[in-house]
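Residue-level structural notes
Here's the letter readout for the chains.
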Protein chains: 2
Amino acid sequence: MRLLLIEDEKELADALSGALSKRGIVTDHTTHLADAFELTRQNSYDAILLDRRLPDGEGLTFIPMLRRTGTDTPIIVLTARNEPLERVEGLDLGADDYLGKPFLVDELMARLRAVLRRPPSLTELQISVGRMVIDPLHLSVTVESIPLDLPRRELLVLVALAKRKDKTVLRSTLEAAVYNYEEEIQSNALDAHISRLRKRLLDAGAGITIHNIRGVGYLLKEE
Amino acid sequence: MRLLLIEDEKELADALSGALSKRGIVTDHTTHLADAFELTRQNSYDAILLDRRLPDGEGLTFIPMLRRTGTDTPIIVLTARNEPLERVEGLDLGADDYLGKPFLVDELMARLRAVLRRPPSLTELQISVGRMVIDPLHLSVTVESIPLDLPRRELLVLVALAKRKDKTVLRSTLEAAVYNYEEEIQSNALDAHISRLRKRLLDAGAGITIHNIRGVGYLLKEE
DNA sequence: TCCCCCGTAATGCTGCCGCAATCTTCGCGG
DNA sequence: CCGCGAAGATTGCGGCAGCATTACGGGGGA
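Residues numbered from 1 in each chain as written. Chains lettered and ligands numbered in written order. Predicted model: local features only at pLDDT ≥ 70, side-chain atom pairs only at ≥ 80, totals over all residues. Heavy atoms only, no water.

Let us look at the overall build of chain A. When you go through chain A residue by residue, the secondary structure sums to 8 helices and 14 strands. Burial statistics for chain A: of 223 residues in total, 48% are counted as buried. In chain A, the share of contacts with a sequence separation of at least 24, taken over all contacts with a separation of at least 6, comes to 57%. Taken as a whole, chain A presents about 10,900 Å² of accessible surface, with 50% of it coming from carbon and sulfur. (Helix = DSSP H or I, 4+ residues; strand = E, 2+ residues; numbered from the N terminus. Buried < 20%, exposed > 50% of the residue type's maximum accessible area, 1.4 Å probe, protein only. Contact = heavy atoms within 4.5 Å. Areas by Shrake-Rupley, 256 points an atom, 1.4 Å probe, with all protein chains shown as cover.)

Have a look at this one:
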């Protein structure tokens, strides 16, 4: 899952990015609305976290701006104050939810799940492949009801493949699912993850194989 | 899919061509508007990537020039600066989208998909033939929901034929779909691809046949 | 401090793909 | 109806790009 965080308090932003990263969420961060707009044009996010007070204006103005482009990416508004009036304001403008600072990361996670669960969401709640069940929102994986814990990056690769099971996933798509654009990789890190993931899946008897399509990408299917 | 890239920075152009090639996109490249115009007369492109600053003039002038000939090929403008004003400028002249440099190739891919998705587009999102379903944008092929992985060049041939199923596709069109004009071929490489593709389709029970029209080209139809 | 994740790079291997040789099919003219 | 030439079909081969695997070491968390 990939989020855009629009927030000018650097400390909060860093802490949040770190916490989300541990939960398997890739976060792009910006402090200005102008950049944010550009980023939404360039990437496809699962959700947007939007602060209200920003250096170049009131965050809420961003919402109609974005909606006008036809994007319906869920937006969760972050605000220091927590009054009902402000909440209505945001929601009227097309925000999907609202979170008062300070907040627990787990509360944010819960709201994220709630927001992503709404149709039309491409995010399925459960994906069944082979003997595995994958929950892309909670990032949990079980083999015949026995939980399997995978390293974070391998997990992200697996989820990205599972979401499009039986279909080719371009190499570049996988890279985007695992890294944000500050983390450059210049080696075969992705290949290595795939290799290690394969091994783990085999050991766990997951009933899944990952195939390579030479020059195109990878594909996950039941064996 | 075939693109025309009009861009004078050689490094960027080469890198981009390479990256697109890995995503199954054939790119023709030129640095001058004059050549570009000629190329659009000779070839049919799915989209055009247009830089603004070019040795022989402002790139935007190309847009009305092209539109006047009745071509509605989508144009994506590449620009170093990223200001709203410039965006409007381009869009008013008939560009379909714009992209600020530097950009990620995946941003470009997303925009391409968006632009090609707009009606009236010849590029269908899903093509059904025989027992196959082909997704030309994600480059995935399934036979009765079972994924079929094809080598890149065979895949490109198949997509080109499927896009015009039941109609003859000129040999030269197929060559253009698989090779850019820097990759010369002097043998019957295309014939070889067709042959191997046929074999694979047969083995997979795709319910498709590829016929030859002697001296003209090939034709794909359900059996 | 220990452990494990994860990026890096070296190594070996797979199979794509261009090429060309050989065989087959097609269409035309006599 | 037959023969001939051109176009296409098929297949083996070799080079090489892309991928798989694994060992190593830095670094961060418990």
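In the vicinity of DNA strand C there are 25 residues, among which Arg 153, His 193 and Arg 214 of chain A together with Arg 153 and His 193 of chain B approach most closely. A breakdown of the atoms of DNA strand C within 4 Å of the protein gives sugar and phosphate a share of 60%. One nitrogen or oxygen atom from the side chain of Arg 196 of chain A is found 3.2 Å from a base nitrogen belonging to DNA strand C. In this structure, Arg 196 of chain B approaches DNA strand C through a side-chain N or O atom, which is 3.3 Å from a base oxygen. Taken together, the elements giving at least two residues each to the surface near DNA strand C come down to helix H6 (152-163) and helix H8 (189-204) of chain A together with helix H6 (152-163) and helix H8 (189-204) of chain B. Looking at the surface near DNA strand C residue by residue, the class counts come to 7 nonpolar, 8 polar and 10 charged. (Near = heavy atom within 4 Å. Polar contact = N/O pair within 3.5 Å; in protein donor to acceptor, adjacent residues only side chain to side chain. Nonpolar A, V, L, I, M, F, W, Y, C, P; charged D, E, K, R; others polar.)

A few words on the packing of H6 of chain B against helix H7 (residues 171-178) of chain B. Residue and element names in this part refer to chain B. Direction vectors running N to C along H6 and H7 enclose 130°, while the axes themselves pass 9 Å from each other. With respect to their mutual orientation, H6 and H7 come out oblique. In the packing of H6 onto H7, the handedness of the crossing is right-handed. In this structure, H6 uses Arg 153, Leu 156, Val 157, Ala 160 and Leu 161 to contact H7, whose residues at the interface are Leu 174, Ala 177 and Val 178. (Axes fitted to C-alpha atoms, helices over the stretch in contact; angles between N-to-C directions. Parallel < 35°, antiparallel > 145°, perpendicular 65-115°, else oblique. Left-handed = near helix turned anticlockwise from the far one by under 90°.)

Below, the discussion takes up the interface of chain A and chain B. The parts lose accessible area when they come together, and the size of an interface is often stated as this lost area. Listed by partner, the interface residues are 20 residues for chain A and 22 residues for chain B. In this assembly, chain A packs against chain B so that about 1,800 Å² is buried in total across both faces, 49% of it on carbon and sulfur atoms. For the interface between chain A and chain B, the tally reads 0 salt bridges. One can count 0 residue pairs in polar contact (both at pLDDT 80 or more) joining chain A with chain B. Broken down by secondary-structure element, the contributors of at least two residues to the side of chain A that touches chain B are helix H2 (33-42), helix H7 (171-178), strand E13 (208-213) and strand E14 (217-222) of chain A. Looking at the side of chain A that touches chain B element by element, the count peaks at 4 residues for H2 of chain A. Split by residue class, the side of chain A that touches chain B holds 7 nonpolar, 6 polar and 7 charged. (Buried area = accessible area lost by both parts, 1.4 Å probe. Salt bridge = Lys/Arg side-chain N within 4 Å of Asp/Glu carboxyl O.)

With that settled, the discussion passes to the sheet that holds strand E13 (residues 208-213) of chain B. Residue and element names in this part refer to chain B. Read across the sheet, 3 strands follow the order E12-E14-E13 without closing on themselves; strand pairing throughout is antiparallel. Single-partner strands in this sheet number two, and they are strand E12 (168-170) and E13. Going across the sheet, the axis of each strand differs from the next one's by a mean of 30°, ignoring polarity. Where E12 and strand E14 (residues 217-222) come together, 3 bridges link them in antiparallel fashion. Within E14, the residue paired with Thr 168 across the bridge is Leu 219. Across the sheet, H6 lies against E12, E13 and E14, angled at about 75° from E14, the strand it touches most. (Pairing = 2+ DSSP bridges.)

Moving on to the pairing of strand E9 (residues 132-135) of chain B. Residue and element names in this part refer to chain B. As paired strands, strand E8 (residues 127-129) and E9 are joined by 3 bridges and run antiparallel to one another. Bridge pairing in E9 links Val 129 to Met 132. Hairpin connection, E8 to E9: the antiparallel pair is bridged by 2 residues, and Gly 130 has positive phi, about 55°. Pairing analysis gives 4 bridges linking E9 to strand E10 (residues 140-143), with the strands arranged antiparallel. Its bridge partner lying in E10, Ile 134 is registered against Val 141. Linking two consecutive strands that pair antiparallel, namely E9 and E10, is a turn of 4 residues; a positive phi of about 55° is found at Leu 139 within it.

With that settled, the discussion passes to the protein's contact with DNA strand D. By nearness alone, 21 residues border DNA strand D, and Asn 188, Arg 198 and Tyr 218 of chain A together with Asn 188 and Tyr 218 of chain B come closest of all. Near the protein, meaning within 4 Å, the atoms of DNA strand D are sugar or phosphate in a fraction of 63%, with bases accounting for the rest. In the environment of DNA strand D, a phosphate oxygen lies 3.4 Å from a nitrogen or oxygen atom belonging to the side chain of Ser 195 of chain A. Here a phosphate oxygen of DNA strand D sits 2.6 Å away from a polar atom, N or O, in the side chain of Tyr 218 of chain B. Here the surface near DNA strand D takes 5 residues from H8 of chain B, the largest share from any one element.

Residues and elements named next belong to chain B. Listed as buried for helix H2 (residues 33-42) are Leu 33, Ala 36, Leu 39 and Thr 40. Burial along H2 is one-sided: seen end-on, the buried residues are contained in an arc of 115°. Within H2, the exposed residues directed more than 90 degrees away from the buried face are Ala 34, Arg 41 and Gln 42. (Arc of directions from axis to C-beta.)

It is worth spelling out the pattern of salt bridges at this point. Residue and element names in this part refer to chain A. Taken as a whole and judged by the stated rule, the model has 10 salt bridges over all chains. Residue Asp 28 is joined to Arg 2 by a salt bridge in which the shortest nitrogen-to-oxygen separation is 3.2 Å. Taken together, the positions of Asp 28 in strand E2 (residues 26-30) and Arg 2 in strand E1 (residues 2-6) put the pair 26 residues apart, joining distant regions of the chain. Notably, a salt bridge pairs Asp 191 with Arg 171, separated by 2.4 Å at the nearest N-O pair. Here Asp 191 is found in helix H8, whereas its partner Arg 171 is found in helix H7, with 20 residues between them in sequence.

For the rest of this paragraph, the subject is the side chain of Glu 154 of chain B. Checked against the element boundaries, Glu 154 of chain B lands in helix H6. Excluding residues within four positions of it along the chain, Glu 154 of chain B makes contact with His 193, Arg 196, Leu 197 and Arg 200 of chain B.

Let us look at H6 of chain B. With 12 residues, H6 of chain B extends 17 Å between its outermost C-alpha atoms, agreeing within 8% with the 16 Å of an ideal straight helix rising 1.5 Å per residue. Turning to H6 of chain B, its buried residues number three or more, namely Glu 154, Leu 155, Leu 156, Val 157, Leu 158, Val 159, Ala 160, Leu 161 and Ala 162 of chain B. (Expected span 1.5 Å × (residues − 1).)

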